[in-house]
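# Fold and geometry: a report
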Amino acid sequence: MKSLILTLITTLAILFSSQQGEYLLKELNSSRFDAAEENTGPEVELTLSAKDQHASWGQQIRYSIEVNDATDGSSRYGEIETTRVLLNLRYVPEVLTPGAIPVGVRLANKFPKGAALIAQSTCFGCHADKKSMVGPSFADIANAHEKQERSKEELISSISEGSSGTWGEVQMPPTPDYTEEEITEIVEYILEQGACNYCWVYPGVEGVFEIINQPEKAAKPGAYVVTASYTSSEGIRGSDTVLLKIE
């Protein structure tokens, strides 16, 4: 009996010293939360395929985002609404030096209320930032507003009451669950984000983005500020930011 126990202990020791054992321990100690624990905000982890946080002009970068929240659950187990997960990119044409925080970095870390409201809505089912889908892109909407083809009041009305025929035959449903103040926040975010040529937003927990080709005036290395964020069902936001140097 004693030898059997020793054999079992030895076997377990070998198991947990192996890669399989390490994986099992990682799973057992994973960040799935007890719903009874106090919610201190979602934990967000961003992973990029870029080596040592460096990339080249025109390079494609694969990303994945893991989210764990005390109330909503874990993206690892399919418990997170992926449209609430956003990847924000901003190209910063400045050299990042120790102790200096360029204006572009501060802007990239700004998270407007309208962005959180969109993340909690179904907007990304029909709209994207810079690419037209079923509905117009944020860039299309911002461009129409700049040309004075659509006023801010008209955009607010379209979102609140619904519309059809403006951007095609597909009807946009009304959004009665949002207040006028909230819809105004959404419109202001769409116009700001859509008009920004060097910033992008993608919903979802994984995907690929492409670094722009080197601008003619970019004589020095620049950077991408890459921020993954999640807004929980309780309206609490968590984020993870990586500075990706472009050379």
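Small disclaimer: the values here were computed from a predicted structure and weren't measured. (Residues numbered from 1 in each chain as written. Predicted model: local features only at pLDDT ≥ 70, side-chain atom pairs only at ≥ 80, totals over all residues. Heavy atoms only, no water.)

### Brief notes about the overall build of the protein
Of regular secondary structure, the protein possesses seven helices and nine strands. When burial is assessed residue by residue, the protein has 38% of its 247 residues classed as buried. Residue pairs at least 24 apart in sequence account for 65% of intrachain contacts in the protein once pairs closer than 6 positions are excluded. Carbon together with sulfur atoms contributes 51% to the accessible area of the protein, which is approximately 14700 Å² in total. (Helix = DSSP H or I, 4+ residues; strand = E, 2+ residues; numbered from the N terminus. Buried < 20%, exposed > 50% of the residue type's maximum accessible area, 1.4 Å probe, protein only. Contact = heavy atoms within 4.5 Å. Areas by Shrake-Rupley, 256 points an atom, 1.4 Å probe, with all protein chains shown as cover.)

### A closer look at unusual backbone geometry
Its identity as a non-glycine residue notwithstanding, Asp52 has a phi of 55°, on the positive side. Turning to its location among the elements, Asp52 is positioned in the loop between strand E1 (43-48) and strand E2 (54-55). Unlike most non-glycine residues, Gln53 shows phi in positive territory, near 60°. Mapped onto the secondary structure, Gln53 falls in the loop between E1 and E2. For Gln53, a relative accessible area of 44% puts it in the partly exposed group.

### Quick notes on the state of the cysteines
Working definition of a disulfide: a covalent bond connecting the sulfur atoms of two cysteines. Using the criterion set out here, one finds one disulfide in the structure. In this model, Cys196 is linked to Cys199 through a disulfide, with the two sulfur atoms separated by 1.9 Å. The pair formed by Cys196 and Cys199 is uniform in burial state, with each residue classed as buried. You can see Cys123 has no disulfide; the closest cysteine sulfur is in Cys126, sitting 8.8 Å from it. What makes Cys123 partly exposed here is its relative accessible area of 22%. (Disulfide = S-S within 2.5 Å.)

### Details of the pattern of salt bridges
All chains considered together, the criterion is met by five salt bridges. The salt bridge partner of Asp129 is Lys130, with a shortest N-O separation of 2.9 Å. Residue class for Asp129 comes out buried when judged on its relative accessible area of 3%. In this structure, Glu188 and Lys152 form a salt bridge, with 3.7 Å as the shortest nitrogen-oxygen distance. In this pair, Glu188 is assigned in helix H7 (residues 180-195) and Lys152 in helix H6 (residues 152-161), connecting sequence segments 36 residues apart. Judged by its relative accessible area of 37%, Glu188 falls in the partly exposed class. On the basis of relative accessibility, which here comes to 27%, the residue Lys152 falls in the partly exposed class. (Salt bridge = Lys/Arg side-chain N within 4 Å of Asp/Glu carboxyl O.)

### Some details on the sheet that holds strand E8 (residues 222-231)
What the five strands build is an open sheet, ordered E2-E9-E8-E5-E6; its pairing is mixed. Strands at the two margins of the open sheet, each flanked by one partner only, are E2 and strand E6 (199-203). (Pairing = 2+ DSSP bridges.)

### A closer look at the UniProt feature "binding site: heme c" (unreviewed entry) in the protein
Summarizing the sequence annotation, UniProt attributes the feature "binding site: heme c" (unreviewed entry) to Cys123, His127 and Met172 in the numbering used throughout. Judged by maximum C-alpha separation, these annotated positions cover 50 residues in sequence but sit close together in space, the widest gap being only 10.8 Å. Within the secondary structure, Cys123 sits in the loop between helix H4 (113-119) and helix H5 (138-146). Structurally, His127 can be placed in the loop between H4 and H5. Take His127: its relative accessible area is 13%, and that puts it in the buried class. (UniProt positions renumbered as here; feature names shortened; annotations may be inferred.)

### Quick notes on the side chain of Ser229
On the secondary structure map, Ser229 appears in strand E8. Setting aside chain neighbours within four positions, we find Ser229 in contact with Val44, Arg84, Val85, Leu86, Asn88, Phe111, Arg237, Gly238 and Ser239.

### A short note on the packing of H5 against H7
Taken N-terminus to C-terminus, the directions of H5 and H7 make an angle of 100°; their axes are 7 Å apart at the nearest point. It follows from the interaxial angle that H5 and H7 lie roughly perpendicular. Residues Phe138, Ala139, Ile141, Ala142 and His145 of H5 lie in contact with H7, whose contacting residues are Tyr189, Ile190, Leu191, Gln193, Gly194 and Ala195. Broken down by class, the residue content of the contact of H5 with H7 amounts to eight nonpolar, three polar and no charged. (Axes fitted to C-alpha atoms, helices over the stretch in contact; angles between N-to-C directions. Parallel < 35°, antiparallel > 145°, perpendicular 65-115°, else oblique. Nonpolar A, V, L, I, M, F, W, Y, C, P; charged D, E, K, R; others polar.)

### As for the environment of Gly204
Considering the arrangement of structural elements, one finds Gly204 in the loop between E6 and strand E7 (206-210). Remark: the alpha-carbon pair of Gly204 and Leu86, spanning 118 residues in sequence, is separated by 6.2 Å. Setting aside anything within four residues of it in sequence, one finds Gly204 in contact with Tyr63, Ile65, Thr82 and Val85.

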